[in-house]
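Observations on the model geometry
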Amino acid sequence: MTDELLSPFQKGRGGPGGWWILAEPELHLGHDVLVPDLGGWLRERLPVLPDEAALTLAPDWVCEVISPAASRIDRVKKLPIYARENVSHAWIVDPALRTLEVFRREGAGWFLVSTASDGDRVRAQPFNAIEIDRLALWGEAR
């Protein structure tokens with residue numbers, strides 16, 4: 001899935017650019033240390049990637065890939081922290097159910113924008129400038 005987003009959003013190839021997208025970034029947010037599966041920062045907020053091992057600036061978007069062992073942690077513990085830290089968008093990808101849940105922060109909580117399952121392509125906030133091949137979400141090639 002990272003490749004689906006890197007070219008158009010980080011490199012600006014076939015998309016608008018303007019993002020940093022990192023796999024498993026270590027986040028130090030207040031007293032909490034979190035590691036989302038993916039994190040994305042708008043370059044207008046983070047012009048240069050810092051040299052430190054951990055980032056203290058909350059991302060604009062996070063993606064958590066659910067595993068049976070971590071589902072509760074991702075949904076019950078991490079999502080409220082991301083909302084508290086003003087992360088604008090969150091994706092929950094469930095490979096077992098083959099679903100993508102797209103959330104947008106509203107106030108202190110999350111609004112479910114859309115849920116997608118299987119099918120060919122999807123447009124998902126904040127990356128709705130392009131269609132994403134959902135097979136990439138499940139780690140499959142077309």
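Let me begin by describing the structure that accompanies this report.

Criteria and cut-off values
Residues numbered from 1 in each chain as written. Predicted model: local features only at pLDDT ≥ 70, side-chain atom pairs only at ≥ 80, totals over all residues. Heavy atoms only, no water. Helix = DSSP H or I, 4+ residues; strand = E, 2+ residues; numbered from the N terminus. Buried < 20%, exposed > 50% of the residue type's maximum accessible area, 1.4 Å probe, protein only. Salt bridge = Lys/Arg side-chain N within 4 Å of Asp/Glu carboxyl O.

1. Things to note about unusual backbone geometry
Along the chain, Gln125 connects to Pro126 via a cis peptide bond; the corresponding omega equals 5°. Following the sequence through the fold, Pro126 ends up in the loop between strand 10 (121-122) and strand 11 (132-133). Positive phi is not limited to glycine here, since Asn86 has a value of about 65°. Within the secondary structure layout, Asn86 lies in the loop between helix 2 (71-84) and strand 7 (89-94). Exposure remark for Asn86: the relative accessible area of 48% places this residue in the partly exposed category.

2. A short note on the pattern of salt bridges
Applying the stated rule across the entire model yields seven salt bridges. For Lys78, the salt bridge identified is with Glu64, shortest N-O distance 3.2 Å. Remark: Glu64 occurs in strand 6 (residues 61-65) and Lys78 occurs in helix 2; sequence separation between them is 14 residues. Per residue, the accessibility class of Lys78 equals that of Glu64, and both read buried. Residues Asp74 and Lys78 are paired through a salt bridge, measuring 3.5 Å at the closest nitrogen-oxygen approach. Of this pair, Asp74 and Lys78 both sit in helix 2, four residues apart, roughly one helical turn.

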